[in-house]
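So you can see what is in the structure, the chains are spelled out below.
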Amino acid sequence: MSLWGGRFAGAADQRFKLFNDSLPVDFRLVQQDITGSIAWAGALKQVGVLDELEYGSLVHALNDLAENVTEEQILASGAEDIHSFVEGSLIAKVGDLGKKLHTGRSRNDQVATDLKLWCKEQGEEVLAALLKVQQQLLVLASQEAQTVLPGYTHLQRAQPVTFGHWCLAYVEMVERDLTRVSDALKRLDTCPLGSGALAGTAYNVDRQALAQALGFARASNNSLDSVSDRDHVIELCSAAATSMMHLSRLAEDMIFYNSGEAGFIELADAVTSGSSLMPQKKNPDALELIRGKSGRVYGSLVGILTTMKALPMAYNKDMQEDKEGLFDAVDTWLMCLDMTALVLEGVKVNKARSLAAAQQGYANATELADYLVSKGMPFREAHHVVGEVVLAAIEAGKALEEFTLEQMQSFSSIIDSDVYQHLTIDATLAKRVAQGGTSLDQIAKALGNQQSQEPAD
Ligand code: ARG
């Protein structure tokens, strides 16, 4: 049964009905719609629209529906949307009494409430999934705290770092993602129910009590804003896009580290796949998909921002387009977080290969410049001298430390035999003692800080 037949003399065109119906997308809100309906029945009892008995029967029927309804039933019902389905099912169960439930309520405050309830639940799931990824990164960081890894800028070997330090960089990114989600959850924690279609409900319901019954921190303030606000959809999509960007960078790093050329890590068989033609291949599909799926999550963000742009106050049917992108963004995000944790869990690090790579490519050139500075040469001049040493080393096919002292001194007479101890990887790492650097002490500190940190609230 349609919710709005009375005013129409003609029936809807079948093609329009298919175009207009949102059930194939919003069927996922069935539990939220029932929860919201139970709370609304309570509000109607409070203002005397329902007596105790009627309230009891409605709640009983709604609970029964919540327990027994199946996805197949919903989709086969042909209802316009999930709100029509729930109301229709209620009327089928309790008859005319069911027709009282929509008193003073609109699908506009109803859908806004349902979707916020969904966002609250899924937001918690996302927080848990982010924490799991962060936990895996911390495990790997402490396992590989001392493993040397070439650090890159411009994808050119720059300075040695440790694998632990690299992990901790992503721990920081995930930490910011956690705060973004919790922040969004705090802001969306207001209940729109009782705002009516746009002007507020004509029944003097206790909206604070209603908000609390639904687990919201408080009732929303302005009825026009309440039914037309989709900031929470935008904020979750935005947090998803940023987090996916981080996951994509992590994936890209690991794809490179896992490549035949680098070989710093080996991914587990469990998260790789083979080639139908080339028998030797073991491809990093899980990571490539994470990297690839970031695109569709960005798409959802751009989609909802564009849908909301220039919508006149208050509800417009355009807003029905909010759910498909949000559902897909959050589903994809959760899946990618889960996959990321799984990939990290099985990563094997090849310490010898990453150490060897860190030793090549003149990653200790800055150290030689700093050495000259310690002997009194201004840095800019030291930079130039070391540039000359590197050029000569490239031509000779040697590492810097393979030059004899005499050869070194031909570039600058202030170089002494103590230079060699400054050119080792250990010396390079050990010097990065300032806060946030790659020295072992700093990594231990960062690990300690993270492990003692309260989860983001
Ligand atoms: N299916 C609609 C949506 O998702 C529900 C609200 C419809 N309200 C209306 N007045 N047509 O936005």
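As recorded in an unreviewed UniProt entry, the protein chain goes by the name Argininosuccinate lyase, listed as coming from Ferrimonas lipolytica. Of the comments in the UniProt record for the protein chain, the one headed Subcellular location (unreviewed entry) reads "Cytoplasm".

K.L.:
Account for the overall build of the protein chain, with residues named and values stated.
P.N.:
From N to C terminus, the protein chain includes 20 helices and six strands. The C-alpha radius of gyration computed for the protein chain amounts to 31 Å, which surpasses the reference 23 Å derived for 457 residues by more than 25%, pointing to a less compact arrangement than a globule. Each principal axis of the C-alpha atoms in the protein chain carries an extent, and together these give about 100 × 50 × 40 Å. Burial statistics for the protein chain: of 457 residues in total, 38% are counted as buried. Relative to all contacts within the protein chain whose residues are 6 or more apart in sequence, the contacts with residues 24 or more apart total 76%.

K.L.:
Summarise the packing of helix α7 (residues 107–143) against helix α20 (residues 440–452); cite the residues concerned and give the values.
P.N.:
Taken N-terminus to C-terminus, the directions of α7 and α20 make an angle of 150 degrees; their axes are 11 Å apart at the nearest point. Comparing their axes, α20 and α7 come out roughly antiparallel. As α7 packs across α20, the resulting crossing turns out to be left-handed. Across the interface between the two elements, Leu138, Ala141 and Ser142 from α7 touch Leu447, Gln450 and Gln451 from α20.

K.L.:
Residue-level account of the environment of glutamate 87, with values.
P.N.:
Along the chain, glutamate 87 falls in helix α6 (residues 82–94). Residues glutamate 87 and leucine 3, 84 residues apart in the sequence, show an inter-C-alpha distance of 8.6 Å. The residues contacting glutamate 87, other than those within four sequence positions of it, are Leu3, Gly98, Leu101 and His102.

K.L.:
Describe the site of the ligand, and please don't skip the residues or the numbers.
P.N.:
In the vicinity of the ligand, the residues found are Ser22, Asp26, Asp81, Arg107, Asn108, Val111, Tyr315, Lys317, Met319 and Gln320. In terms of residue count, α7 provides more of the shell around the ligand than any other element does, three residues in total. Tallied by class, the residues present in the shell around the ligand amount to three nonpolar, three polar and four charged.

K.L.:
An account of the environment of glutamate 72 is needed here, citing residue identities and associated values.
P.N.:
Within the secondary structure layout, glutamate 72 lies in helix α5 (residues 71–76). Classification of glutamate 72 by C-beta neighbours within 10 Å gives exposed; the count is 8. Sequence-wise, glutamate 72 and phenylalanine 27 are 45 residues apart; in three dimensions their C-alpha atoms are separated by 9.9 Å.

K.L.:
I'd like a description of helix α4 (residues 52–68), backed by residues and values.
P.N.:
Three or four residues apart is the spacing at which side chains of an α-helix point the same way, because the helix has 3.6 residues per turn. Under the 1.5 Å per step criterion, the end-to-end length of α4 is 24 Å for 17 residues, consistent within 8% with the ideal 24 Å. Those residues of α4 not exposed but buried are Leu58, Ala61, Leu62 and Leu65. The buried residues of α4 all sit within an arc of 100 degrees when viewed along its axis, so they share a single face. Residues Glu52, Leu53, His60, Asn63, Glu67 and Asn68 are exposed on α4 and point more than 90 degrees away from its buried face. Among the structural elements, α3 (30–46) and α6 are those in contact with the buried residues of α4.

K.L.:
Please set out the nonpolar core residue by residue, giving values where relevant.
P.N.:
Grouped together as the largest cluster of nonpolar side chains are 94 residues, with contacts concentrated most on Leu137, Cys167, Leu210, Leu236, Ala240 and Trp333. Here this core takes 14 residues from α7, the largest share from any one element. Excluding its chain neighbours within four sequence positions, the residues that come into contact with tryptophan 333 are Val126, Ala240, Ser243, Met244 and Val297.

K.L.:
Residues and numbers for the pairing of strand β2 (residues 156–162), please.
P.N.:
Where strand β1 (residues 148–153) meets β2, six bridges bridge the pair, whose relative direction is antiparallel. Note on β2: the bridge partner recorded for valine 148 is threonine 162. Counted along the chain from β1 to the antiparallel partner β2, the turn is two residues long, and its residue histidine 154 has a positive phi close to 55 degrees.

K.L.:
Lay out the packing of α3 against α7 in plain terms, naming residues and giving numbers.
P.N.:
Following both chains from N to C, one finds α3 and α7 inclined at 120 degrees, their axes separated by 9 Å at the closest point. One way to sum up the angle between α3 and α7 is to call them oblique. The crossing of α3 and α7 is right-handed. Packed against α3, whose contacting residues are Gln32, Asp33, Thr35 and Gly36, the element α7 presents Gln110, Thr113, Asp114, Leu117 and Trp118 at the interface. The residue makeup of the contact of α3 with α7, split by class, is two nonpolar, five polar and two charged.

What counts, and where the lines are drawn
Residues numbered from 1 in each chain as written. Predicted model: local features only at pLDDT ≥ 70, side-chain atom pairs only at ≥ 80, totals over all residues. UniProt positions renumbered as here; feature names shortened; annotations may be inferred. Helix = DSSP H or I, 4+ residues; strand = E, 2+ residues; numbered from the N terminus. Rg over C-alpha atoms; globule rule 2.2 N^0.38 Å. Buried ≥ 20, exposed ≤ 12 C-beta atoms within 10 Å, placed from the backbone. Contact = placed C-beta atoms within 7 Å. Axes fitted to C-alpha atoms, helices over the stretch in contact; angles between N-to-C directions. Parallel < 35°, antiparallel > 145°, perpendicular 65-115°, else oblique. Left-handed = near helix turned anticlockwise from the far one by under 90°. Near = placed C-beta within 6 Å. Nonpolar A, V, L, I, M, F, W, Y, C, P; charged D, E, K, R; others polar. Expected span 1.5 Å × (residues − 1). Arc of directions from axis to C-beta. Core = buried A, V, L, I, M, F, W, Y, C linked by C-beta atoms within 7 Å. Pairing = 2+ DSSP bridges.

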